[in-house]
Amino acid sequence: DEIFAGEYEGMTYAEIEKLQPDEASLRKMDKIGYRYPRGESYFDLIARLDPLVHELESYTEPVLVVSHQATLRVIYSYFMDIDRELAPRQAIPLHTVIKITYDGWMNCSEEHFYLGPDLIDHSGTRS
């Protein structure tokens, strides 16, 4: 699951910024360490995903992970050997499969497969 936003669960970032500007500011300053009131931080998510990541490392057959953005950022950062402090800022494109080939020694390669929807230019034609 995505990071649990506690008291702000179900709200957009814009709504949080409007209702609680101080909290929104704290989150922007420390995205990995900020914990929502009665909720989770990225550090909490990393701890929650640790057993899963270790299990994924043991698999020899292909695995497909479908999840939320924050979860995918953490898993992607781990396998691509990106510092966990940078995980919250990793771009995970929508509508895209990221194929990571992992050899068990942190030598990973990646391929991106965009699945759509087709982009529509300003004239209304699909590109």
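As shown above, the structure is provided for reference.
Since the structure is predicted, the reported quantities are computational estimates derived from the model, not experimental observations. (Residues numbered from 1 in each chain as written. Predicted model: local features only at pLDDT ≥ 70, side-chain atom pairs only at ≥ 80, totals over all residues. Heavy atoms only, no water.)

(A) Spatial organisation of helix α4 (residues 69–79). With nine of eleven residues buried, α4 is to be regarded as a mostly interior element. Restricting attention to buried positions, one finds in α4 the residues Ala70, Thr71, Leu72, Arg73, Val74, Ile75, Tyr76, Ser77 and Phe79. If you follow the buried residues of α4, they end up packed against α3 (42–58), β1 (96–102) and β2 (108–114). One or two steps after α4, the chain reaches Asp81, where phi turns positive at roughly 55°. (Buried < 20%, exposed > 50% of the residue type's maximum accessible area, 1.4 Å probe, protein only. Helix = DSSP H or I, 4+ residues; strand = E, 2+ residues; numbered from the N terminus. Contact = heavy atoms within 4.5 Å.)

(B) View of the packing of aromatic side chains. Evaluated as defined, the whole model comprises three aromatic pairs. Taking the centre distance of 6.3 Å and the plane angle of 70° together, the rings of Tyr8 and Tyr36 count as edge-to-face. Pair noted here: Tyr8 is in the segment before α1 (13–19) and Tyr36 is in the loop between α2 (21–29) and α3, with a separation of 28 residues, a long-range link. Looking at Tyr8, the relative accessible area reads 8%, which means it is buried. Its relative accessible area of 8% is what places Tyr36 among the buried residues. On the basis of an interplanar angle of 80° and a centroid distance of 5.2 Å, the ring pair of Tyr34 and Tyr36 is categorised as edge-to-face. What makes Tyr34 buried here is its relative accessible area of 8%. Here a set of aromatic residues connected by ring pairs shows up, and it is made of Tyr8, Tyr34 and Tyr36. (Phe/Tyr/Trp six-rings, centres within 6.5 Å; stacked < 30°, edge-to-face > 60°.)

(C) Quick look at the pattern of salt bridges. What the rule picks out here adds up to five salt bridges. In this structure, the salt-bridge partner of Asp44 is Arg35, at a minimum N-O distance of 2.7 Å. The partner of Glu40 in a salt bridge is Arg48, and the shortest N-O contact between them spans 2.9 Å. When its relative accessible area of 35% is taken as the criterion, Arg48 is described as partly exposed. (Salt bridge = Lys/Arg side-chain N within 4 Å of Asp/Glu carboxyl O.)

(D) The layout of surface pockets, seen in detail. Reported here for the largest pocket is a volume of approximately 930 Å³. Broken down by secondary-structure element, the contributors of at least two residues to the lining of the largest pocket are α3, α4 and β1. At seven residues, the largest contribution of residues to the lining of the largest pocket is made by β1. Looking at the lining of the largest pocket residue by residue, the class counts come to 18 nonpolar, seven polar and four charged. Considered as a void within the structure, the second largest pocket measures approximately 270 Å³ in volume. In terms of lining, the second largest pocket is formed by 17 residues, of which the most central are Glu2, Ile3, Ala5, Tyr13 and Tyr36. The set of elements that each furnish at least two residues to the lining of the second largest pocket consists of α1 and α4. Top contributing element to the lining of the second largest pocket by residue count: α4, with three residues. Taken together, the residues of the lining of the second largest pocket break down into nine nonpolar, three polar and five charged. (1 Å grid on protein atoms, 1.4 Å probe; cavity = no way out; pocket = protein on both sides within 12 Å on 5 of 7 lines; lining within 4 Å. Points joined across faces, edges and corners; volume = space filled by probe spheres on them. Nonpolar A, V, L, I, M, F, W, Y, C, P; charged D, E, K, R; others polar.)

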